[in-house]
Amino acid sequence: MPTEAPVLEVQDLSLRFKGAPANIVDGLSFAVRPGETLCIVGESGCGKSVTALSLMGLLPRGVARVMSGTATFAGQDLLALPERALADLRGDRISMIFQEPMTSLNPSYRIGDQISEIVLRHRPVNRVQARARALEMLERVKIPAASSRLDDYPHELSGGMRQRVMIAMALANDPVLLIADEPTTALDVTIQAQIIDLIEDLQKESGTALIMITHDLGVVAEIADRVCVMYAGRAVEEGPVAAIFDDPQHPYTIGLMSSVPSVGPRSGRLATIGGMVPAIDNMPSGCRFTPRCPFAGTGCETTPALVELGPSHRAACHYAPLERAFAEAAG
Ligand SMILES: Nc1ncnc2c1ncn2[C@@H]1O[C@H](COP(=O)(O)OP(=O)(O)OP(=O)(O)O)[C@@H](O)[C@H]1O
Ligand code: SF4
Ligand SMILES: [Mg+2]
């Protein structure tokens with residue numbers, strides 16, 4: 001269990017879109033330590049990307065507001081930093097990889113120049129040194145015949161190769177934190193596995209802390225040290241990967257695990273999770289999982305706090321630990 005101080009510690013983060021009646025992200029806390037991989041999982045629309053964008057200062061300020069919280073990185077609160085200071089961190093100490101590389105790569109610049117630019121922006125190097133670094137990075141992300149690819153434009157590369165270029169750019173300045181938001185969803189399955197392996201290898205080599213946002217529990221099982229399970233903008237469970245897979249304690253996590261046959265927990269507790277994530281204008285007061293929860297009962301109309309269930313394993317359910325609730329219900 002890592003004991004070093006977190007690279008990033010998010011506390012009580014709440015975000016709200018302009019005019020919305022409730023917070024899209026609500027009281028979210030998590031931390032990631034040096035060299036650690038934290039996977040953030042949860043259904044579509046639960047606020048994973050919005051969270052990542054807010055940390056990077058990339059949520060348009062007129063569109064969404066930070067309602068509360070801090071995100072402490074190297075002694076500074078990212079949420080309170082002026083844009084200029086955040087721009088200095090982005091691509092340098094903190095990098096992000098998005099789902100679709102074409103949204104981040106400039107189609108009209110050669111890839112070698114794009115990597116060189118990010119090195120020149122943050123490092124005291126000249127153009128020749130920056131280009132050498134670009135080549136070195138293309139080699140590290142295993143782009144075949146890298147030197148002949150430096151002058152390619154993004155459209156000359158396959159989707160998988162473009163995502164490798166994104167990874168090369170993201171790691172070019174040796175960030176201490178890498179945030180990857182569904183980096184493989186847009187790719188073929190075999191390519192997905194290669195990219196995940198690559199990210200894992202590079203992260204191990206460099207000791208970068210990694211926040212991996214994903215829907216894919218197979219990826220979580222492969223790379224996570226810790227897992228934060230989000231539901232409707234809140235963390236409902238978090239803990240070491242083994243605890244989340246082998247001893248999930250929140251009804252939503254149990255449902256998530258049961259929907260993946262190969263990694264399902266003890267058989268047959270819950271089948272699939274019926275229903276959908278509530279819309280922002282229809283958020284239940286209290287526990288946001290209430291409308292879908294087979295265990296919902298007395299007390300669920302108030303918001304459950306995350307409570308400690310084991311070594312750094314916490315769940316936000318009034319009935320956790322569920323075994324005890326079952327035993328009590330059985331009399
Ligand atoms: N500019 C916006 N204005 C209003 N609502 C928005 C805006 N951008 C996103 N949303 C809403 O915020 C919610 C959270 O979106 P977000 O993209 O963070 O989800 P996610 O967990 O990343 O989902 P996915 O797994 O599909 O990527 C969604 O319901 C989305 O419709
Ligand atoms: S607090 Fe209630 S509704 Fe929420 S997950 Fe627990 S049992 Fe279900
Ligand atoms: Mg997303």
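Residues numbered from 1 in each chain as written. Chains lettered and ligands numbered in written order. Predicted model: local features only at pLDDT ≥ 70, side-chain atom pairs only at ≥ 80, totals over all residues. Heavy atoms only, no water.

As recorded by an unreviewed UniProt entry, the protein chain carries the name Stage 0 sporulation protein KD and is attributed to Roseibium aggregatum. Regarding the protein chain, the UniProt comment filed under Subcellular location (unreviewed entry) reads as follows: "Cell inner membrane". (UniProt positions renumbered as here; feature names shortened; annotations may be inferred.)

Draft legend 1. Spotlight on the overall build of the protein chain. A tally of regular secondary structure across the protein chain gives 11 helices and 12 strands. Projecting the C-alpha coordinates of the protein chain onto the three principal axes gives extents of approximately 75 × 40 × 35 Å. Burial analysis of the protein chain (331 residues in total) assigns 49% to the buried set. Put simply, 65% of the contacts in the protein chain that link residues at least 6 apart link residues at least 24 apart. About 14800 Å² of surface is accessible on the protein chain, with carbon and sulfur atoms providing 54% of the total. Taken together, the 29 basic and 38 acidic charged side chains of the protein chain have centroids lying 5 Å from each other. (Helix = DSSP H or I, 4+ residues; strand = E, 2+ residues; numbered from the N terminus. Buried < 20%, exposed > 50% of the residue type's maximum accessible area, 1.4 Å probe, protein only. Contact = heavy atoms within 4.5 Å. Areas by Shrake-Rupley, 256 points an atom, 1.4 Å probe, with all protein chains shown as cover. Lys, Arg positive; Asp, Glu negative; His and termini not counted. Charge placed at Lys NZ, Arg CZ, Asp CG, Glu CD.)

Draft legend 2. Spatial organisation of the site of ligand 1. Around ligand 1, the surrounding shell holds 13 residues, and the nearest of these are Ser-44, Gly-45, Lys-48, Ser-49 and Val-50. Measuring from an oxygen atom of ligand 1, one finds a backbone N or O atom of Gly-47 at 3.1 Å. A distance of 2.8 Å separates an oxygen atom of ligand 1 from a polar atom in the side chain of Ser-49. When ligand 1 sits alone it has 650 Å² of accessible area, and the protein chains cover 58% of it. (Near = heavy atom within 4 Å. Polar contact = N/O pair within 3.5 Å; in protein donor to acceptor, adjacent residues only side chain to side chain.)

Draft legend 3. Spotlight on the sheet that holds strand β6 (residues 94-97). Taken in spatial order, the 8 strands of this open sheet run β6-β7-β8-β3-β9-β10-β12-β11, and their pairing is mixed. Whereas interior strands pair on both sides, the edge strands pair on one side only; in this sheet they are β6 and β11 (307-310). The sheet shows a mean angle of 20° between the axes of neighbouring strands, taken without regard to direction. Two elements, strand β10 (residues 234-240) and strand β12 (residues 313-315), share 2 bridges in a ladder whose sense is antiparallel. Paired with Glu-237 across the bridge in β12 is Ala-315. Helix-sheet contacts for helix α7 (residues 189-206) involve β3 (37-41), β6 and β8 (209-214), and the interaxial angle to β8 is about 160°. In the packing of helix α10 (residues 251-258) onto the sheet, the strands contacted are β3, β9 (226-231) and β10, and the crossing angle to β9 comes to about 105°. (Pairing = 2+ DSSP bridges. Axes fitted to C-alpha atoms, helices over the stretch in contact; angles between N-to-C directions.)

Draft legend 4. How the structure looks around the sheet that holds strand β5 (residues 76-77). The sheet built from 4 strands is open, its strands ordered β2-β1-β4-β5 with antiparallel pairing. Pairing within the sheet leaves two strands with one partner each, and these edge strands are β2 (25-32) and β5. Where strand β4 (residues 64-73) lies against β5, 2 bridges are found, and the strand directions are antiparallel. Note on β5: the bridge partner recorded for Phe-73 is Gln-76. Set on the sheet, helix α1 (residues 48-55) makes contact with β1 (8-17), β2 and β4; between it and β1 the angle comes to about 115°.

Draft legend 5. Region of interest: the packing of helix α4 (residues 127-140) against helix α6 (residues 159-171). Close contact between α4 and α6 brings their axes to 9 Å; oriented N to C, the two are set at 130°. Here α6 runs oblique to α4, going by the angle between their axes. Handedness of the crossing formed by α4 with α6: right-handed. Mapping the contact onto sequence places Arg-133, Met-137 and Leu-138 in α4 and Val-165, Ala-168 and Leu-171 in α6. Of the residues belonging to the contact of α4 with α6, the class tally is 5 nonpolar, no polar and 1 charged. (Parallel < 35°, antiparallel > 145°, perpendicular 65-115°, else oblique. Left-handed = near helix turned anticlockwise from the far one by under 90°. Nonpolar A, V, L, I, M, F, W, Y, C, P; charged D, E, K, R; others polar.)

Draft legend 6. Region of interest: unusual backbone geometry. Following Ala-320, the chain continues into Pro-321 via a peptide bond in cis, with omega recorded as 0°. Considering the arrangement of structural elements, one finds Pro-321 in the loop between β12 and α11 (322-330). For Ala-74, which is not glycine, the phi dihedral falls at a positive 45°. Structurally, Ala-74 is set in the loop between β4 and β5.

Draft legend 7. Up close: the state of the cysteines. Using the criterion set out here, one finds 0 disulfides in the structure. Here Cys-39 is not disulfide-linked; the sulfur of Cys-228 is the nearest cysteine sulfur, at 10 Å. Look at Cys-39 and you get buried, because its relative accessible area is 0%. (Disulfide = S-S within 2.5 Å.)

Draft legend 8. Structural detail: the domain arrangement of the protein chain. Entries for the protein chain in the domain assignment read domain 1 (8-224) and domain 2 (250-330). Using C-alpha coordinates to define each centre, domain 1 is positioned 30 Å away from domain 2. Taken together, the 11 residues of domain 1 in the interface contact 11 residues of domain 2. Contact between domain 1 and domain 2 buries roughly 940 Å² in total, counting both sides, with carbon and sulfur atoms accounting for 67%. With its nearest N and O atoms 3.1 Å apart, the salt bridge here joins Arg-292 to Glu-43. Summed over the shared surface of domain 1 and domain 2, the result is 3 residue pairs in polar contact (both at pLDDT 80 or more). Along the lines of polarity and charge, the residues of the side of domain 1 that touches domain 2 split into 6 nonpolar, 3 polar and 2 charged. (Domains from an automatic or database assignment. Buried area = accessible area lost by both parts, 1.4 Å probe. Salt bridge = Lys/Arg side-chain N within 4 Å of Asp/Glu carboxyl O.)

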